[in-house]
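Here's the letter readout for the chains.
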Amino acid sequence: MQKSVSKKIIIGYNIIRFVYCWRNILSSDNNRNIGLSEIIRMLENNVTFTQAADSVLECITDSMDICDAVVMQIDRESDTMHVISETGNCFKDESGTVKRSEFVLCSDAIKITYEGNADTAQKGLLDRLGVKLSITVPILINNVKAMYLIVLSNDVQAVSDNKIKEYISDMALVLHGIAQSKVINNSLISSYDVLQKILDNIGSGIIVCSRYSGNILFENEMAANVQEVRDTIRECLEDVFTCEDVHRNIGASMERYNTESGLWFEVRFSELEWIDGSEVIVVTAVDITQKKKNQQKIEYQAHNDFLTGLYNRMKCEVDLRKVIRRTEKAGLKGAVLFIDLDDFKHINDGLGHQYGDILLQQIAAGLTGIPGLRGHCYRMGGDEFAAILFVKREQFEWIRRQFDGDIKYWSCNRIKELSISYGYVSSSECQWDSMKEISDVADIRMYEEKAMYYKKNGVDRQGQPASYVALYRLYTQILRINLEKDCYKILNWEETKNKKKQDSIGALSEWFHNFEDIRLIHSDDLVKYLRKTKIEYLKKQFANKKKFVTITYRRKEGDGYKRITLEIIPEDENSQNTYEGFLYVKE
């Protein structure tokens, strides 16, 4: 890196090489040709400017009949010039330094001074130097006159030789090129050193590589010495250059986990022009482990229940939306299972909340221990739990059997036996359109089972006579139905502006007819509604393993449509009343 030069200097060298080669071919002076070739080779060597100037002046001395060849540097502050390199002794008496204002042989361009064109002052200076002819050429650095090449001779005939003038001008150009490259190189080295010190003190790994080849040009101390940082950056570089789409990654960031160290890094690619003018990619790797831990902690707290460690209601809602989409795409079966612990209030009241918490934790452990449920369980709040499955039909049935078998043996310290109520709904039963619709149906089935539990034991959780109070908070319209007798009894009904309460008892077929104005049902749903609300159809469904019947349709309301759900559920499977059940309406 420290030997790099700018593109402009490289181009300048190539131009000089071309000029010299071209003139060498045309020239008949072998000594001069050999000298120029040596100087060209010298341009590629890492020598000091004084050494380079000595070689240039030796070349001039060997190829011309001269007394002295000198390179003098201008000191603007003291208005003097001092000798950098000299082949003769003309400036020996001057102690290597002359006043610039008194050295009248120089100008802003090449200047030839001899007895025929010199003024009094110039003649006096030539006499003092002991020569009859001087040729001076200014040397510019960064477009500022910084030095002079001075050739002194007693051969006045050289004045008329244009090749000599061109040759000396070329040698001044060579000195210019060498001096300019040294200045730029020194500037680059200085800039590089400063840059390296800065980047070494940045708390990130940094690697600079070629924009086109990927070759590494620079790496700071962290990238060079910290193994996990070095490996992470190099892996990302390899990925980017392998896919041959470097531009797509510019400005983008990627997160990488280092398995050996357990650290997270954010790797970012930037494009810029390096200090030597080349196009490079800068890759930085920042340790974001603590940030990831904080983020994971926040996500865990947002999506997990503190007491049981299960996912919470918010996570359930998010995952349920995903399952709905996945079942539609993959054609697999999705199912939602809602679980509630019976008599939990009595456990809390009788044994204390401490045992209630322990029981909830054991319920959570029991759920996650059932094959197929680990990672899919949620605590919805209180003593309510849920599970979401995304499996093939035969897998779902197997998991359900495992669940039914395992919950019989759940127990806890001081609690010998637990009673669990649950309800489930699968995606194959109906084309569900919303998460809420699915969860409401599963919820109502769970509360139906819970109501059966309280009915069997004679009281509900508030100690009231057996009823279906637990369901009222979900569905404001609940009917007890008997398909065999084609009758119904209203258990709960809240009037709305669209629905007035019907007779508390009556014929179920008439209730279906009066409940909905078929003119308001969406045309795509009408045939399905009429078919599923026939008593004979419902009787077949009840007789066939007491299958649940769900009817969903859209009713015209204002400028749009409102979705209505009718959930028709058979009596408890232990009941002898095959055609008795419940009808729930959700608007």
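Preceding this paragraph is the structure being described.
So, a few notes on the structure that sits alongside this text. (Residues numbered from 1 in each chain as written. Predicted model: local features only at pLDDT ≥ 70, side-chain atom pairs only at ≥ 80, totals over all residues. Heavy atoms only, no water.)

Scanning the chain from N- to C-terminus turns up 18 helices and 21 strands. Scored against the burial criterion, the 587 residues of the chain give a buried share of 45%. Looking at the chain alone, contacts between residues at least 24 apart form 55% of all its contacts between residues at least 6 apart. (Helix = DSSP H or I, 4+ residues; strand = E, 2+ residues; numbered from the N terminus. Buried < 20%, exposed > 50% of the residue type's maximum accessible area, 1.4 Å probe, protein only. Contact = heavy atoms within 4.5 Å.)

Neighbouring strands of a sheet are bound in pairs by backbone hydrogen bonds; such pairs are parallel or else antiparallel. An order of β8-β7-β11-β10-β9 is seen for the five strands of this open sheet, with the pairing classed as antiparallel. The open sheet has two free edges, formed respectively by β8 (216-219) and β9 (253-258), since each of these has just one partner strand. Sheet twist, expressed as the mean angle between neighbouring strand axes with direction ignored, is 25 degrees. Note: β9 against strand β10 (residues 263-273), six bridges, orientation antiparallel. Residue Asn258 lies in a different strand from β10, and its bridge partner there is Leu263. Sitting on the sheet, helix α7 (residues 227-242) touches β7 (205-210), β8, β9, β10 and β11 (279-287), and the angle it makes with β10 is about 55 degrees. Set on the sheet, helix α9 (residues 289-303) makes contact with β9, β10 and β11; between it and β10 the angle comes to about 125 degrees. (Pairing = 2+ DSSP bridges. Axes fitted to C-alpha atoms, helices over the stretch in contact; angles between N-to-C directions.)

The subject of this paragraph is the packing of aromatic side chains. Scanning the entire structure with this criterion turns up six aromatic pairs. Pairing Phe91 with Phe103 gives two aromatic rings, centres 5.9 Å apart and planes at 35 degrees, and the pair type is tilted. In this pair, Phe91 is assigned in the loop between β2 (80-86) and β3 (97-99) and Phe103 in the loop between β3 and β4 (111-114), connecting sequence segments twelve residues apart. Here the guanidinium or amino end of Arg211 rests over the ring plane of Tyr212, the centre of that ring lying 5.6 Å away. (Phe/Tyr/Trp six-rings, centres within 6.5 Å; stacked < 30°, edge-to-face > 60°. Lys NZ or Arg CZ within 6 Å of the ring centre and 35° of its normal.)

Across the sheet, which stays open at both edges, the six strands sit in the order β3-β2-β1-β6-β5-β4 with antiparallel pairing between neighbours. Edge strands, defined here as strands with exactly one partner in the open sheet, are β3 and β4. Ignoring which end each strand starts from, the neighbouring axes of this sheet average 25 degrees apart. Here strand β5 (residues 133-141) runs beside strand β6 (residues 144-153); their pairing, made up of nine bridges, is antiparallel. Counted as the bridge partner of Thr136 is Ile150 from β6. With respect to the sheet, helix α3 (residues 49-63) is in contact with β1 (68-75), β2 and β6, its orientation differing from that of β2 by roughly 70 degrees. Packing against the sheet, helix α4 (residues 120-129) makes contact with β4, β5 and β6, and its axis sits at approximately 80 degrees to β4.

Moving on, we come to the side chain of Ser134. Inspection of the secondary structure assignment puts Ser134 in strand β5. The class for Ser134 is buried, based on a relative accessible area of 0%.

This paragraph deals with the pairing of β8. Two strands pair when backbone bridges link them, and β7 and β8 are joined in this way by three bridges, in the antiparallel orientation. Note on β8: the bridge partner recorded for Ile207 is Glu219. Between the antiparallel neighbours β7 and β8 lie five residues, among them Gly214 with a positive phi of about 85 degrees.

One pass over the full model with this rule turns up twelve salt bridges. We note a salt bridge from Glu219 to Arg230, for which the minimum N-O separation is 2.9 Å. With Glu219 in strand β8 and Arg230 in helix α7, the pair connects residues that are eleven residues apart, well separated along the chain. Glu219 gets classed as partly exposed once you look at its relative accessible area, which sits at 22%. One salt bridge in this structure joins Arg234 and Glu219, with 3.9 Å as the shortest N-O distance. You can see Arg234 sitting in helix α7 and its partner Glu219 sitting in strand β8, a full 15 residues away along the chain. Since its relative accessible area comes to 32%, Arg234 is described here as partly exposed. (Salt bridge = Lys/Arg side-chain N within 4 Å of Asp/Glu carboxyl O.)

Our next topic: the pairing of β1. In terms of burial, β1 is largely enclosed, as six of its eight residues are buried. As defined by bridge partners, β1 adjoins β6 across six bridges and the pair is classed as antiparallel. Across the sheet, Val70 pairs through a bridge with Ile150, a residue of β6. As paired elements, β1 and β2 share six bridges and run antiparallel to each other. Across the sheet, residue Ile74 finds its bridge partner in β2, namely Met81.

On to the environment of Thr289. Within the secondary structure, Thr289 is located in helix α9. Once the C-alpha coordinates of Thr289 and Phe265 are considered, the two residues, 24 residues apart in sequence, prove to be 6.9 Å apart. For Thr289, the residues in contact, after removing those within four places along its chain, are Gly262, Leu263 and Trp264. At 2.6 Å, the side chain of Thr289 forms a polar contact with the side chain of Asp287. (Polar contact = N/O pair within 3.5 Å; in protein donor to acceptor, adjacent residues only side chain to side chain.)

Now for the environment of Ala121. Along the polypeptide, Ala121 turns up in helix α4. Taking the C-alpha atoms as reference, Ala121 lies 8.7 Å from Glu102; in sequence the two are 19 residues apart.

Below, the discussion takes up helix α17 (residues 523-532). What α17 keeps buried is the set Asp525, Tyr529 and Lys532. Mapping the buried residues of α17 onto a view down its axis gives an arc of 75 degrees, with all of them on the same face. Exposed side chains of α17 directed beyond 90 degrees from the buried face belong to Ser523 and Val527. Buried-residue contacts for α17 involve α16 (508-515), α18 (535-543), β19 (549-557) and β20 (560-570). (Arc of directions from axis to C-beta.)

A few words now on the nonpolar core. Grouped together as the largest cluster of nonpolar side chains are 33 residues, with contacts concentrated most on Ile60, Met147 and Leu149. Sorting the residues of this core by element identifies α3, β1, β5, β6 and α5 (162-200) as the ones contributing at least two each. A per-element tally of this core places α5 first, with nine residues. Leaving out residues up to four positions away in the same chain, Ile60 has contacts with Ile66, Leu149, Val151, Tyr167 and Met171. In this structure, Leu337, Ile339, Phe385 and Ile399 belong to the second largest nonpolar core, which totals 24 residues. (Core = buried A, V, L, I, M, F, W, Y, C linked by side-chain atoms within 4.5 Å.)

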